[in-house]
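Here is how the chains run, residue by residue.
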Amino acid sequence: MKQLGERLIKIHATAGIVFGLLFYVIMYFGIFSIFQNYIKVWEKPSRHFASMVKKEDIPISKYVDKMLLDPNIPKNNLKIILPDSKNDNALVLSQMFIKKIAINPNNGEKLQDEGRRIGLGFFLHNLHTGRPFYRNVGFTIFGIVAVASIFLMLTGLIQVITIKYSNKGESALKKSSKWHRKLSVWFFLPILIIFISGAALNLQIKANKKFSQAITQILSDNEASKWPEAIGSTLFPSPEVKKKDGTFARMLALEELYEKARQINPNLDYIDMRLFRWNDSSAEIELRGYNPSYPFFNGFINLPSVTLKGIDGSVVKIKRVFDAHWMRIFYEFVHFLHFVPFMSFVVKFLLALVVAGFTIGTAFGIWLYLEKCVKKYDNKIPFYHWFSRLSMTIMLGALPATAIAFCLQWLFPFDMEERILFQKGIFFLTWLSMGLIAFARFDSNKAAKNILYIGSVLFLLAPIIHWLNSGYGPIKLASLNMYPILGVDIGLLFLAVLCFVGAFILPKSRTENKKIWKSI
Amino acid sequence: MIFAIKKYLKEFNCTHKNANKIGWVRSICAILGGLFISYFGLIIILKVIFDASKDALIIPLLFNSFTWPCVTIWIFLSRSSKVVFLRTFIPSIFIGMVLIFIIG
């Protein structure tokens, strides 16, 4: 039994050192990915306006009807995304064959949508999924890291259950062990569910459809070779195809139809409306929403809806939460906690806290390994380990790198060519140059202090540059109720303060570190 | 010659005293064997025992990545090299035979 325990610890440590840093990167950018909708509003100058009207009071047909008579805009399968859903404050028309059209809901002006050309939020989200590193290669590596992290969590759980640990002792080794254990156990369950869904997404669902080829062939008796062919149509059903009557008819106003849908199913928080065969006598409209009283069962891919006829508003179909295929609800249940779609800010903030706690727990785990390395030398010679410097580069260097990406978003002119390329390049260069500081400075405390001070200054500059260059100061933002944009600024300031406090508390030399370890 | 084989078998059978070394064979057996067993074991349970249709594909699609580390831990934590080989190859050969039976 003792041998098994020793082997367990050894395996946990080895896998932790190999995958720990990538694991940290995924978790760190996951926090930005939770708030990506707010960042996507913050980064666009076209979305800097105050929303004066409520979602229910927007005269949608007044803005949209003229556009729908334009022959260049397709009338079938056209999606109108209502403002405030997904925290975008514009009314958006989208269809797969046209460019997105964004409309100001206050006065019906067409906004010049920047699209993904300046996508900072999209970039930070992609660093979480692994797409920038040669797409499928990155997806696979990050998926394997997710599998390894499930492995680490399970081995860690077995250790905590079988081996008796004591929380006593004031050395750095004991303290980092204590906090590594505590933080990981507290947030174990939500993180495990999130990583199961993440590993499934990256290894099988999204990237490598070949990985699931064998099981698909066995289960479907060689009819299908990739999973979308076998279950794609039940998991993501496409709308029914019906024939046009071919006669022009006047439709009811869109806001009247919206009002009717709200009377039919008042529990829903409506997100978007899809128009089918519009301006034809067979026209239908599907209004999809999210039922907040059933989290985990709807909101991500399973959206309850009300389908109405375009001419007179009579009901065609009402879809409730549990009307969907069991497979869809199951898929929804597994992935809900990973995506928290359409949830309020409070839920997203709580999830971010959980992820941040687990991230710090991971950092303590790596610290624990390094303290064990120090123990061998026991203050005889000064300690310099390449792995400690590499982990400092990746863990602390990520802070100034994200900060400079936020700074450049409002520093570069918006009509600049290859803007996102420069932004990404400077982002990675900053990250590397933090490595220069971490490796070149002999005293690791001083190096960490320097990196954190740089990070705090850059995080402080980012909202100031935004306030100056956008023309929307903090007081103006608050008075116009533009809280999603102000919230990102406050979050950046909070990160700046966090970096500064971290750098300030950290002692100047390694021998003084003991005071801090005693206090926690 | 026979003495050498006997000595080797004895080493093979006894519990390792030095648990601080993991060993390459053990890790390769655990990771690749765990992948094979979890990947095909789940589908065989669904196909042979429950006689599932293709709708059940969603279960291995979502949970393969969870059963892989579980089987890997089970193989990793065996007492001796013999147990590692037994835990890897008996399920693998059994699953392989069932697979040939299903496909062929």
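Preceding this section is the structure that the text describes.
Thresholds applied
- Residues numbered from 1 in each chain as written.
- Chains lettered and ligands numbered in written order.
- Predicted model: local features only at pLDDT ≥ 70, side-chain atom pairs only at ≥ 80, totals over all residues.
- Heavy atoms only, no water.
- Helix = DSSP H or I, 4+ residues; strand = E, 2+ residues; numbered from the N terminus.
- Buried < 20%, exposed > 50% of the residue type's maximum accessible area, 1.4 Å probe, protein only.
- Contact = heavy atoms within 4.5 Å.
- Areas by Shrake-Rupley, 256 points an atom, 1.4 Å probe, with all protein chains shown as cover.
- Lys, Arg positive; Asp, Glu negative; His and termini not counted.
- Charge placed at Lys NZ, Arg CZ, Asp CG, Glu CD.
- Phe/Tyr/Trp six-rings, centres within 6.5 Å; stacked < 30°, edge-to-face > 60°.
- Lys NZ or Arg CZ within 6 Å of the ring centre and 35° of its normal.
- Expected span 1.5 Å × (residues − 1).
- Pairing = 2+ DSSP bridges.
- Buried area = accessible area lost by both parts, 1.4 Å probe.
- Salt bridge = Lys/Arg side-chain N within 4 Å of Asp/Glu carboxyl O.
- Polar contact = N/O pair within 3.5 Å; in protein donor to acceptor, adjacent residues only side chain to side chain.
- Axes fitted to C-alpha atoms, helices over the stretch in contact; angles between N-to-C directions.
- 1 Å grid on protein atoms, 1.4 Å probe; cavity = no way out; pocket = protein on both sides within 12 Å on 5 of 7 lines; lining within 4 Å.
- Points joined across faces, edges and corners; volume = space filled by probe spheres on them.
- Nonpolar A, V, L, I, M, F, W, Y, C, P; charged D, E, K, R; others polar.

1. Points about the overall build of chain A
(1) Moving on: Each helix and strand in chain A was counted, giving 18 helices and 8 strands.
(2) Moving on: Over its C-alpha atoms, taken along the principal directions, chain A stretches across nearly 90 × 60 × 40 Å.
(3) Moving on: In chain A, which comprises 520 residues, the share counted as buried stands at 52%.
(4) Moving on: Taking the contacts inside chain A whose residues are at least 6 apart along the sequence as the reference set, 69% of them involve residues at least 24 apart.
(5) Moving on: Accessible surface for chain A amounts to roughly 25200 Å². Of this, 63% is attributable to carbon and sulfur atoms.
(6) Moving on: Taking the average location of the 62 positive side-chain charges in chain A and that of its 36 negative ones, the two points are 12 Å from each other.

2. A word on the packing of aromatic side chains
Residues and elements named next belong to chain A.
(1) Moving on: What the rule picks out here adds up to 44 aromatic pairs over all chains.
(2) Moving on: Centre to centre, the rings of phenylalanine 23 and phenylalanine 358 are 6.1 Å apart; their planes meet at 75°, and the pair counts as edge-to-face. Placement of the pair is phenylalanine 23 in helix H1 (residues 2-34) and phenylalanine 358 in helix H12 (residues 345-377), with a sequence separation of 335 residues.
(3) Moving on: Between tryptophan 386 and phenylalanine 387 the ring centres are 5.7 Å apart and the planes differ by 90°, which places this aromatic pair in the edge-to-face class.
(4) Moving on: Take phenylalanine 387: its relative accessible area is 6%, and that puts it in the buried class.
(5) Moving on: Between lysine 182 and the ring centre of tryptophan 179, over which it is positioned, the NZ or CZ distance is 5.8 Å.

3. Some details on helix H7 (residues 188-205) of chain A
(1) Moving on: Given a rise of 1.5 Å per residue, 18 residues ought to cover 26 Å, and the 24 Å separating the end C-alpha atoms of H7 of chain A matches this to within 8%.
(2) Moving on: Extensive coverage of H7 of chain A is indicated by the burial of 15 of its 18 residues.

4. Comments concerning the pairing of strand S2 (residues 91-94) of chain A
Residues and elements named next belong to chain A.
(1) Moving on: Burial along S2 is two-sided: the face carrying Leu91 and Leu93 and the face carrying Val92 and Ser94 are both buried.
(2) Moving on: Pairing of strand S1 (residues 78-81) with S2, which is carried by 3 bridges, proceeds in the antiparallel orientation. For isoleucine 80, the partnering residue across the bridge sits in S2 and is leucine 93.
(3) Moving on: Pairing geometry for S2 and strand S3 (residues 101-103), over 3 bridges, is antiparallel. Among the inter-strand pairings, leucine 91 is bridged to a residue of S3, identified as isoleucine 103.
(4) Moving on: In textbook terms, the turn of a hairpin is the stretch between consecutive antiparallel strands, and for S2 and S3 this stretch comprises 6 residues.

5. Section: the interface of chain B and chain A
(1) Moving on: Tallying the contact residues gives 38 residues for chain B and 44 residues for chain A.
(2) Moving on: Carbon and sulfur atoms make up 76% of the surface buried where chain B meets chain A, a total of about 3900 Å² over both sides.
(3) Moving on: Viewed at the interface, chain A and chain B are joined by 1 salt bridge.
(4) Moving on: There are 3 residue pairs in polar contact (both at pLDDT 80 or more) connecting chain B and chain A.
(5) Moving on: Among the secondary structure elements, those contributing two or more residues to the side of chain B that touches chain A are helix H2 (24-49), helix H3 (58-76) and helix H4 (81-103) of chain B.

6. Focus on the sheet that holds S2 of chain A
Residues and elements named next belong to chain A.
(1) Moving on: Strand order across the open sheet formed by 8 strands is S4-S3-S2-S1-S5-S6-S7-S8, with antiparallel pairing between neighbours. Sheet topology places strand S4 (110-111) and strand S8 (315-319) at the edges, where each strand pairs with a single neighbour.
(2) Moving on: Pairing analysis gives 7 bridges linking strand S5 (residues 269-276) to strand S6 (residues 284-290), with the strands arranged antiparallel. The residue of S6 that forms the bridge with arginine 274 is glutamate 286.
(3) Moving on: Its contacts with the sheet place helix H3 (residues 60-69) against S1, S2, S3, S4 and S5, and it is angled at close to 25° to S2.
(4) Moving on: Relative to strand S7 (residues 305-309), helix H10 (residues 254-264) is tilted by about 130°, and along the sheet it contacts S1, S5, S6, S7 and S8.

7. With respect to H2 of chain B
(1) Moving on: In this model, H2 of chain B (26 residues) spans 35 Å end to end at C-alpha, consistent with the 38 Å of a helix rising 1.5 Å per residue.
(2) Moving on: Once H2 of chain B ends, the next one or two residues include aspartate 51 of chain B, with phi positive near 55°.

8. Digging into empty space enclosed by the protein
(1) Moving on: This model, assessed by the stated rule, comprises 1 cavity of 30 Å³ or more.
(2) Moving on: Quantified by volume, the largest cavity comes out at close to 50 Å³.
(3) Moving on: Every element with two or more residues in the lining of the largest cavity is listed here: H7 of chain A together with H2 and H3 of chain B.
(4) Moving on: Split by residue class, the lining of the largest cavity holds 5 nonpolar, 4 polar and no charged.

9. Side note on the pattern of salt bridges
(1) Moving on: Enumeration according to the criterion identifies 9 salt bridges over all chains in this entry.
(2) Moving on: For aspartate 221 of chain A, the salt bridge goes to lysine 47 of chain B, with nearest N and O atoms at 3.0 Å. Taken together, the residues aspartate 221 of chain A in the loop between helix H8 (213-219) and helix H9 (227-235) and lysine 47 of chain B in helix H2 connect one chain to another.
(3) Moving on: Its relative accessible area of 55% is what places aspartate 221 of chain A among the exposed residues.
(4) Moving on: Using a relative accessible area of 16% as the deciding quantity, one classes lysine 47 of chain B as buried.
(5) Moving on: Each of Arg47, Asp88 and Asp113 of chain A takes part in a single network of salt bridges with overlapping partners.

10. A few points about unusual backbone geometry
All names here are of chain A.
(1) Moving on: The backbone of asparagine 77 shows a phi angle near 65°, a positive value even though the residue is not glycine.
(2) Moving on: On the secondary structure map, asparagine 77 appears in the loop between H3 and S1.
(3) Moving on: With phi around 50°, glutamate 418 is a residue other than glycine that occupies positive phi space.
(4) Moving on: Residue position: glutamate 418 is located in the loop between helix H13 (386-411) and helix H14 (419-440).

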